[in-house]
Amino acid sequence: MIPVPLLVCVMGVWCAVYLADTLLRSSVTHRISYESWLASRGLMLSPFHLRWQTTMFNRLFAYCARINPRAQYLWFNSGLVFGVVAMVGSVVLLTQTLQQTLAQMTTDNPRMGSQQALQVVVPGVNLPTSQLAYFFIALLLSGVIHELGHAVAALREQVRVNGFGIFVFVVYPGAFVDLFTTHLNIISPTQQLRIFCAGVWHNFVLCVAALAFLFLLPLFLFPMYSTGGGALVTEVVQGSAADGPRGLSVGDIVTGLEDCPVRGVDDWSSCLSRISLTPQTGYCVPSTSLQPSWAHGRAFKRLDGTMDCCSNNSLTDLCFSYMKPQEKNSREYACMPVRKMVTGTRVCRTNGDCATHSHAASICVTPSLENQTRFIRVTHPPNTHMLFVGYPPHLQYAVSLTNFLPRFGFLHLDLPVFLETFCKYVVSLSGALAVVNSVPCFALDGQWMLNALLEATLVTVVTDRQKRELIGFFMLLAGSALLAANVALGLWMVTAR
């Protein structure tokens, strides 16, 4: 469901803005000065839509269009090829996404939604409110680069640019360029296609550039941050399994989970996944520690069939099972103080593993836990181990980590996180804009790309212009229906379930 406070806030702001606009326009004394003020600043206001347009960037666009004409010719021709390929690819991708959405609706499998390449994003629903700034800035940047491509390509083809602008529709920002229609209509279809494809081409280039920056980020930050020394904790969810005096804290460096070394965030995730899928590891403890005085009660079966021997619900004791060396077919249970027993001990699978690494008589004891529950020692020196008992994914969701360890104390822990997160949003949103704008759909770049492509390729095959326009109309109708179905079903999946 869409968060009601967020919806009320957005509606309240727009109602207040539109009410003030209506009052000023209806005022006899302020109407002329208010409209003159809007016109002088290039502002236009309508329900849930605010637009600003200016000509101050026209010289910049003209300067960019004159840089190395030969290289730009190759550049925008590459964009033409990419745009045509993207137009076909976007239809295929949207078709697959629609099939996946329909399959998810029928099977009710929550994992299928995360496998989709395209998803509808609703702030506050499937977009955390803490990351709204990343989302809107990356979306605006992607829109500006998109329109910059259109503007430079248009000036190269001798089409005048009337102005550049930024708009906000409900909460989503965007950008646009106003081209002189008369000039646009008299150039050849191939020239038009270069202009129309330039937007999605620049979005693709921005996506690749953000990916490259993300990949090379450790190199760029090497003088200030190191990697490979562990996973640095940047946030601990309050009240989670990792919170508490003996839990993890911001600034801790996790170097291991059980016997699995952690050199970075990927290792953290893979170690937790491996621990979830493998049987519980044991610990080598001296035989002298297994005394009857540790037992607090007789072992009993849980509902799932596993055994427990700690009947006092102690937060410091845990039930361990073990095999006596002389009685290989008999399993014993003992309730023991967990931190005292496992701190600084080796992991094991059998008693033989303990005999290999220890001169003293040791036995391999294993925590007796429910099927999906695991006991995990989290190593974060110089602190003592954090001991976790629970479902491993809960530990993964309890903390936020980064690969980058600051070399100096004055460096901010969140700088690499900010750069990583922003790059990921740019990759996602710029790539999504390239795909969506390539779709042959009414009111999108795909409409003009398709019309120009048909005029450039079907002139000798279909000589009648009206027939070509009719073919283009039905193709646009199909593309629009495909995009609308994806948006409608995706929005329903996000908000109604």
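Per an unreviewed UniProt entry, the recorded name for the protein chain is Membrane-bound transcription factor site-2 protease, and the organism is Perca flavescens. What UniProt records for the protein chain under Subcellular location (unreviewed entry) is the sentence "Endomembrane system".

Draft legend 1. Expanded view of the overall build of the protein chain. A count of helical and extended segments in the protein chain gives 16 helices and 20 strands. The C-alpha atoms of the protein chain give 31 Å as radius of gyration, which overshoots the globular expectation for 497 residues (23 Å, by more than 25%). Here the protein chain, with 497 residues, has 41% of them falling under the buried criterion. Each charge class in the protein chain can be summarised by its mean position, and for the 32 positive and 26 negative side chains these summaries are 4 Å apart.

Draft legend 2. Region of the structure containing the packing of aromatic side chains. Considering all chains together, one arrives at 17 aromatic pairs under this definition. Their ring planes at 15° and their centres at 5.7 Å tell us that Phe 408 and Phe 410 sit as a pair that is stacked. The exposure class assigned to Phe 408 is partly exposed, which follows from its relative accessible area of 41%. Accessibility expressed as a relative area gives 70% for Phe 410, which makes it exposed. An aromatic cluster is present here, built from Trp 75, Phe 82, Trp 201 and Phe 204 joined pairwise through their rings.

Draft legend 3. Seen up close, the UniProt feature "transmembrane region" (unreviewed entry) in the protein chain. Per the UniProt record, the feature "transmembrane region" (unreviewed entry) sits at residues 73-95, 132-149, 161-180, 200-222 and 470-494. Within residues 73-95, the helical portion is 100% and the strand portion 0%, while the C-alpha atoms at the span's ends are 33 Å from each other.

Draft legend 4. Representation of the confidence of the model for the protein chain. For the protein chain, per-residue confidence averages 89 on the pLDDT scale, and residues scoring 70 or more make up 93% of the total. Averaged pLDDT values over the elements of the protein chain bottom out at 54 in helix H5 (residues 110-114) and peak at 97 in helix H8 (residues 189-215).

Draft legend 5. View of the packing of helix H4 (residues 69-107) against helix H6 (residues 132-156). Running from amino to carboxyl end, H4 crosses H6 at an angle of 120°, the nearest separation of the two axes being 11 Å. Viewed along their axes, H4 and H6 adopt a mutual orientation that is oblique. Both H4 and H6 take part in a crossing whose hand is left-handed. The segment H4 lies against H6, with Pro 69, Gln 72, Tyr 73 and Phe 76 engaging Gly 149, Val 152, Ala 153 and Arg 156.

Draft legend 6. Fine view of the nonpolar core. Ranked by size, the top nonpolar core spans 34 residues in total, and within it Val 159, Leu 179, Leu 193, Ile 195 and Met 449 carry the most contacts. If you list the elements that add at least two residues to this core, you get helix H3 (58-65), H4, H6, strand S3 (161-169), strand S4 (172-179), H8 and helix H15 (445-457). With residues near it in sequence (within four places) discarded, Leu 193 still touches Leu 80, Val 84, Met 449, Ala 452 and Leu 453. Counting residues in hydrophobic clusters, the runner-up holds 21 residues, among them Val 254, Cys 260, Val 378 and Met 386.

Draft legend 7. Looking closely at the domain arrangement of the protein chain. When its domains are assigned, the protein chain resolves into domain 1 (4-40), domain 2 (58-218 + 420-496) and domain 3 (230-407). The straight-line distance from the C-alpha centre of domain 2 to that of domain 3 is 51 Å.

Draft legend 8. Focus on the packing of H4 against helix H16 (residues 465-495). At a minimum axis separation of 10 Å, H4 and H16 run at an interaxial angle of 35°. Along this stretch, H4 crosses H16, giving a crossing that reads as left-handed. Of the residues in H16, those touching H4 at Val 91, Leu 94, Thr 95, Thr 97, Leu 98, Thr 101, Leu 102, Gln 104 and Met 105 are Leu 482, Leu 483, Ala 485, Asn 486, Leu 489, Trp 492 and Met 493. Of the residues contributing to the contact of H4 with H16, the split by class is 11 nonpolar, 5 polar and no charged.

Draft legend 9. Molecular detail of the sheet that holds strand S2 (residues 49-54). If you trace the 4 strands from one edge of the open sheet to the other, you get S1-S2-S3-S4, paired in antiparallel fashion. In the strand order of this sheet, the two ends are held by strand S1 (43-46) and S4, each with one partner. Averaged over all adjacent pairs, the angle separating strand axes in this sheet is 20°, with direction ignored. Relative to S3, S2 runs antiparallel, the two being bridged by 6 bridges. Looking across to S3, one finds that Gln 53 is bridged to Gly 165.

Draft legend 10. The arrangement of the side chain of His 385 in detail. Secondary-structure assignment places His 385 in the loop between strand S17 (374-379) and strand S18 (386-390). Reaching out from His 385, the side chain makes a polar contact with the side chain of Thr 379 at a distance of 3.4 Å. Apart from residues lying up to four places away in sequence, His 385 is in contact with Arg 339, Gly 344, Arg 377, Val 378, Thr 379 and His 380.

Draft legend 11. The arrangement of the environment of Val 200 in detail. For Val 200, the location among the structural elements is in helix H8. Exposure remark for Val 200: the relative accessible area of 0% places this residue in the buried category. Sequence spacing of Val 200 and Pro 406 is 206 residues, and the spatial spacing of their C-alpha atoms is 38 Å. Sequence-distant contacts of Val 200, that is, excluding residues within four places in its chain, are made with Phe 82, Gly 83, His 146, Leu 433, Ala 434, Asn 437, Ser 438 and Met 449.

Draft legend 12. Here's a closer look at helix H1 (residues 4-26). With 23 residues, H1 should cover 33 Å at 1.5 Å per step; its first-to-last C-alpha distance of 32 Å lies within 8% of that length. Taken residue by residue, H1 has Val 10, Trp 14 and Asp 21 as its buried positions. Along its buried surface, H1 packs onto helix H2 (31-40), S1, S2 and S3.

Draft legend 13. Main features of the state of the cysteines. The tally for this structure, following the rule as stated, stands at 4 disulfides. A sulfur-sulfur separation of 1.9 Å characterises the disulfide bridge that pairs Cys 260 with Cys 271. What sets the handedness of the Cys 260 and Cys 271 disulfide is the S-S torsion sign, and at about -70° it is left-handed. One end of the pair, Cys 260, is in strand S9 (residues 260-261); the other, Cys 271, is in helix H10 (residues 265-277), with 11 residues separating them in the sequence. Just as Cys 260 is buried, Cys 271 falls in that class too. Across the disulfide from Cys 309 sits Cys 319; the S-S distance is 2.2 Å. One disulfide, between Cys 309 and Cys 319, carries an S-S torsion of 120° and so falls in the right-handed class. On the criterion of sequence distance, the pair formed by Cys 309 in the loop between strand S12 (307-308) and strand S13 (317-324) and Cys 319 in strand S13 is long-range, its members being 10 residues apart. Like Cys 319, Cys 309 is buried. Left without a disulfide partner, Cys 15 is nearest to the cysteine sulfur of Cys 9, which lies 11 Å away. Accessibility expressed as a relative area gives 46% for Cys 15, which makes it partly exposed.

The rules we used
- The residue numbering used here restarts from 1 in each chain and proceeds along that chain's sequence as written.
- Residue-level local features of this predicted model are given only where pLDDT is at least 70; pairs of side-chain atoms are given and counted only at 80 or more, and the full residue set underlies all totals for whole chains, interfaces and linings.
- By convention in this description, side-chain values take in all heavy atoms of the structure and omit both hydrogens and water.
- UniProt positions are given in the numbering used here, feature names are shortened, and annotations may be inferred rather than shown by experiment.
- In this text, helices come from DSSP runs of H or I with a minimum length of four residues, and strands from runs of E with a minimum of two, each type numbered from the N-terminal end.
- All radius of gyration figures rest on C-alpha atoms, and the globule criterion is 2.2 Å times the number of residues raised to 0.38.
- Exposure classes here rest on a 1.4 Å probe applied to the protein chains alone. A residue is buried below 20% of its type maximum, exposed above 50%, and partly exposed in between.
- For the purpose of counting charges, residues Lys and Arg are taken to be positive, whereas Asp and Glu are taken to be negative. His and the chain ends are not included.
- All charge positions are set by atom: Lys at NZ, Arg at CZ, Asp at CG, Glu at CD.
- What counts as a ring pair is set by centres within 6.5 Å for rings of Phe, Tyr and Trp (its six-membered ring), and what kind of pair is set by the plane angle: stacked under 30 degrees, edge-to-face over 60, tilted for all other angles.
- pLDDT measures the predictor's confidence residue by residue and takes values from 0 up to 100.
- Axis angles are defined between N-to-C directions and span 0 to 180 degrees, where every axis is a line fitted to C-alpha atoms and, for a helix, only to the segment in contact.
- Angles are sorted into four bins: roughly parallel if under 35 degrees, roughly antiparallel if over 145, roughly perpendicular if 65 to 115, and oblique for all others.
- For any pair of crossing helices, the crossing counts as left-handed if the nearer helix is rotated counterclockwise from the farther one by less than a right angle, and right-handed if it is rotated clockwise.
- Only heavy atoms matter for contacts: two residues are in contact if any of them lie within 4.5 Å across the pair.
- Side-chain atoms within 4.5 Å link the members of a nonpolar core, which is a set of buried Ala, Val, Leu, Ile, Met, Phe, Trp, Tyr and Cys residues.
- Segmentation into domains, and thus their bounds, comes from an automatic or database assignment.
- Put simply, Ala, Val, Leu, Ile, Met, Phe, Trp, Tyr, Cys and Pro go in the nonpolar bin, Asp, Glu, Lys and Arg in the charged bin, and everything else, Gly too, in the polar bin.
- Two strands qualify as a pair provided DSSP detects at least 2 bridges between them.
- Any pair of nitrogen or oxygen atoms within 3.5 Å is treated as a polar contact; in protein, a donor-acceptor pairing is required on top of that, and neighbouring residues in sequence qualify only through side-chain atoms on both sides.
- To estimate how far a helix should extend, the number of its residues minus one is multiplied by 1.5 Å.
- Disulfide assignment relies on a single distance test, namely cysteine sulfur atoms paired within 2.5 Å.

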